[in-house]
Amino acid sequence: MTTPAPLYLDCDTGVDDSLALAYLLASPEIRLVGVGTVSGNVDARRAATNTLDLLALGRRDDVPVAVGAHDPLRGVYGGGAPGVHGRNGVGDVVLPSSGGAPEAVSAAELLLRLSDEHAGRLRVVAVGPLTNLALALRADPTLPERVLDVTVMGGAALHPGNVSPVGEANIACDPEAAAEVLAADWDVTLVPLDVTMANLLEETDRKALLEAGTALAPRLGEVLDLYFGFHAPTFGRRCSALHDPLAAAVAVGGVTPTVAPRVPVVVDATDGPGRGQTVCDLRGRYAGYPDVPGARTRVVLATDAPLAPHLMERLLTL
Ligand code: RIB
Ligand code: CA
């Protein structure tokens, strides 16, 4: 058994972020060494409270949680997505309070501290707007030298956006940050809507979580209730897309990308109708999506198996 890799999670703990967090707690391939929160589904401070509560239920209150950026690099926080994640970010479920408190440092500072502590081995998974990663890069441009890899849930390649015709929420909330993160000197694996919207959790899964008889899994089942209702008009039944847990599973190796070309990706940070779009150069489509020399971003378009069975197997242990 190889030593679990240290992993930093940056999130806007929301409902699917909660699933990603729980999945990482149940993944022996990695050890969660820190969580930074950012405003997105809910404000960064509320996201930190949600994260602390979930970590306590997962008996991992040893994991430091740091509050990150409230506002994007440009503009102000848009107020969250109460119709999707609830007013409190976790489906308006009242979780048992951890009684814990976030770190005194910011998420960007925590990320930089962890990159020093785990230099060369730290894995980064970001499932919210990329503001904290951009702030960390601005504070210390050498950060990529100490990070093993970066996996981002975000963007839409050939798929429509979800907050605009072309914008996916995490990118569109802070396009400037996303552009800086993708331009940095590290390899990024982008897990876009193209593949996350093809991985669903069903009511049978949610029922299994509710009936798990453990500390955390049943709470996740409760947290999913509102989220399932949000997805019903899209899919014609109560279910949910698995955006953030898919990014976590790609990072951990729980699912394997089968179509994931390294191609140039430009984030539209203009003020036009394309703002927040991830413009992926997929002109190699009919040649089997060859990698483009020099490209640093791997865009995951397909994976080897549905996520839900693997995700459920791990969540039901919590
Ligand atoms: O577009 C989906 C993404 O936006 C997910 O990370 C979800 O949690 C929201 O942050
Ligand atoms: Ca998220």
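These numbers were taken from a predicted model, which means no experiment stands behind them. (Residues numbered from 1 in each chain as written. Chains lettered and ligands numbered in written order. Predicted model: local features only at pLDDT ≥ 70, side-chain atom pairs only at ≥ 80, totals over all residues. Heavy atoms only, no water.)

Okay, the packing of helix α10 (residues 203-210) against helix α13 (residues 307-315) next. For the pair α10 and α13, interaxial distance at closest approach is 11 Å and the crossing angle is 5°. The orientation of α10 with respect to α13, classified from their angle, is roughly parallel. Where α10 abuts α13, its residues Asp-205, Ala-208 and Leu-209 lie against Ala-308, Met-312 and Leu-315. Of the residues that constitute the contact of α10 with α13, the class distribution is 5 nonpolar, no polar and 1 charged. (Axes fitted to C-alpha atoms, helices over the stretch in contact; angles between N-to-C directions. Helix = DSSP H or I, 4+ residues; strand = E, 2+ residues; numbered from the N terminus. Parallel < 35°, antiparallel > 145°, perpendicular 65-115°, else oblique. Contact = heavy atoms within 4.5 Å. Nonpolar A, V, L, I, M, F, W, Y, C, P; charged D, E, K, R; others polar.)

At 2.2 to 2.8 Å from the calcium ion (ligand 2) lie its protein donor atoms, namely Asp-12 (OD), Asp-17 (OD), Asp-17 (OD), Val-127 (O) and Asp-244 (OD). Along the chain, the residues donating to the calcium ion (ligand 2) are arranged with the sequence spacing D-x4-D-x109-V-x116-D. In this pair, Val-127 sits in the loop between β4 (122-126) and α5 (131-139) while Asp-244 sits in helix α12 (residues 243-252), placing the two residues 117 residues apart along the sequence. Classification of Asp-244 by relative accessible area gives buried; the value is 2%. (Donors = N, O, S within 2.8 Å, 3.2 Å for Na, K, Ca; no water. Buried < 20%, exposed > 50% of the residue type's maximum accessible area, 1.4 Å probe, protein only.)

Before going further, it helps to spend a moment on the packing of helix α1 (residues 15-25) against α12. Axis angle and axis distance: for two packed helices, these are the angle between their axes and the distance between the axes, and together they describe the pair. Interhelical geometry of α1 versus α12 gives an angle of 25° and a closest axis separation of 6 Å. As judged from the angle between their axes, α1 and α12 are roughly parallel. α12 is crossed by α1, and the crossing has right-handed handedness. In contact with Asp-16, Asp-17, Leu-19, Ala-20, Tyr-23 and Leu-24 of α1, α12 contributes His-243, Asp-244, Pro-245, Ala-248, Ala-249 and Val-252. Looking at side-chain class alone, the contact of α1 with α12 contains 8 nonpolar, 1 polar and 3 charged residues. (Left-handed = near helix turned anticlockwise from the far one by under 90°.)

With that settled, the discussion passes to the nonpolar core. Residues Leu-9, Leu-24, Leu-32, Leu-201 and Leu-315 are the most contacted members of the largest nonpolar core, which totals 61 residues. Discounting chain neighbours no more than four positions away, the residues touching Leu-201 are Leu-19, Leu-224, Phe-228, Cys-239, Ser-240, Leu-242, Ala-308, Leu-311 and Met-312. Counting residues in hydrophobic clusters, the runner-up holds 39 residues, among them Val-124, Val-181, Val-188 and Val-299. (Core = buried A, V, L, I, M, F, W, Y, C linked by side-chain atoms within 4.5 Å.)

So, on to the packing of aromatic side chains. By convention here, two paired aromatic rings are described through the distance between centres and the angle between planes. Applying the stated rule across the entire model yields 0 aromatic pairs. In this structure, Arg-206 packs its charged tip against the face of Phe-228, placed 5.8 Å from the ring centre. (Phe/Tyr/Trp six-rings, centres within 6.5 Å; stacked < 30°, edge-to-face > 60°. Lys NZ or Arg CZ within 6 Å of the ring centre and 35° of its normal.)

Another aspect to go through is the site of ligand 1. Near ligand 1 lie 13 residues; those nearest to it are Asp-16, Val-127, Asn-162, Glu-168 and Asp-244. Here an oxygen atom of ligand 1 and a backbone polar atom of Val-127 are 2.9 Å apart. When the free accessible area of ligand 1 is taken as 280 Å², the share hidden by the protein chains comes to 96%. In this structure, ligand 1 is accommodated by the largest pocket. In the shell around ligand 1, the residues fall into 3 nonpolar, 5 polar and 5 charged. (Near = heavy atom within 4 Å. Polar contact = N/O pair within 3.5 Å; in protein donor to acceptor, adjacent residues only side chain to side chain. Areas by Shrake-Rupley, 256 points an atom, 1.4 Å probe, with all protein chains shown as cover. 1 Å grid on protein atoms, 1.4 Å probe; cavity = no way out; pocket = protein on both sides within 12 Å on 5 of 7 lines; lining within 4 Å. Sits in = over half its atoms within 2 Å of the grid points.)

Turning to its location among the elements, Asp-16 is positioned in helix α1. Within the buried core, Asp-16 has no salt-bridge partner, and the shortest N-O distance to an opposite charge, that of Arg-46, equals 15 Å. Among all residues touching Asp-16, those that are not within four sequence positions of it are Asn-41, His-85, Tyr-227, His-243, Asp-244 and Pro-245. (Lys, Arg positive; Asp, Glu negative; His and termini not counted. Salt bridge = Lys/Arg side-chain N within 4 Å of Asp/Glu carboxyl O.)

Mapped onto the elements, Arg-59 comes out in the loop between α2 (44-57) and β3 (65-67). Residue class for Arg-59 comes out exposed when judged on its relative accessible area of 60%. Sequence separation between Arg-59 and Leu-25 is 34 residues, and the spatial gap between their C-alpha atoms is 9.3 Å.

Turning our eyes to something else, we now look at the layout of surface pockets. Its boundaries defined by the atoms lining it, the largest pocket holds a volume of some 710 Å³. The wall of the largest pocket is formed by 43 residues, among which Asn-41, Ala-81, Asn-162, Val-163 and Ala-169 lie closest to the centre. Secondary-structure elements contributing two or more residues to the lining of the largest pocket are α1, α3 (82-85), α7 (169-173), α11 (217-235) and α12. Tallying contributions element by element places α11 first for the lining of the largest pocket, with 5 residues. (Points joined across faces, edges and corners; volume = space filled by probe spheres on them.)

This part covers the confidence of the model for the protein. Interpretation of the predicted coordinates at a detailed level should be avoided for regions scoring low in pLDDT. Averaged over the protein, the pLDDT score is 98; the fraction of residues at 70 or greater is 100%. Looking across the protein, the model is least confident in α3, with a mean pLDDT of 96, and most confident in α5, with 99. (pLDDT = per-residue confidence, 0-100.)

Turning next to α10. Residues Asp-205, Arg-206 and Leu-209 constitute the buried set of α10. For α10, the angular spread of the buried residues around the axis is 100°, confining them to a single face. Summarising the contacts, the buried residues of α10 are in contact with β7 (200-202), α11 and α13. (Arc of directions from axis to C-beta.)

Before going further, it helps to examine the side chain of Ser-115. Assignment of secondary structure puts Ser-115 in helix α4 (residues 107-117). On the basis of relative accessibility, which here comes to 0%, the residue Ser-115 falls in the buried class. Separated by 2.7 Å, the side chain of Ser-115 and the backbone oxygen of Leu-112 make a polar contact.

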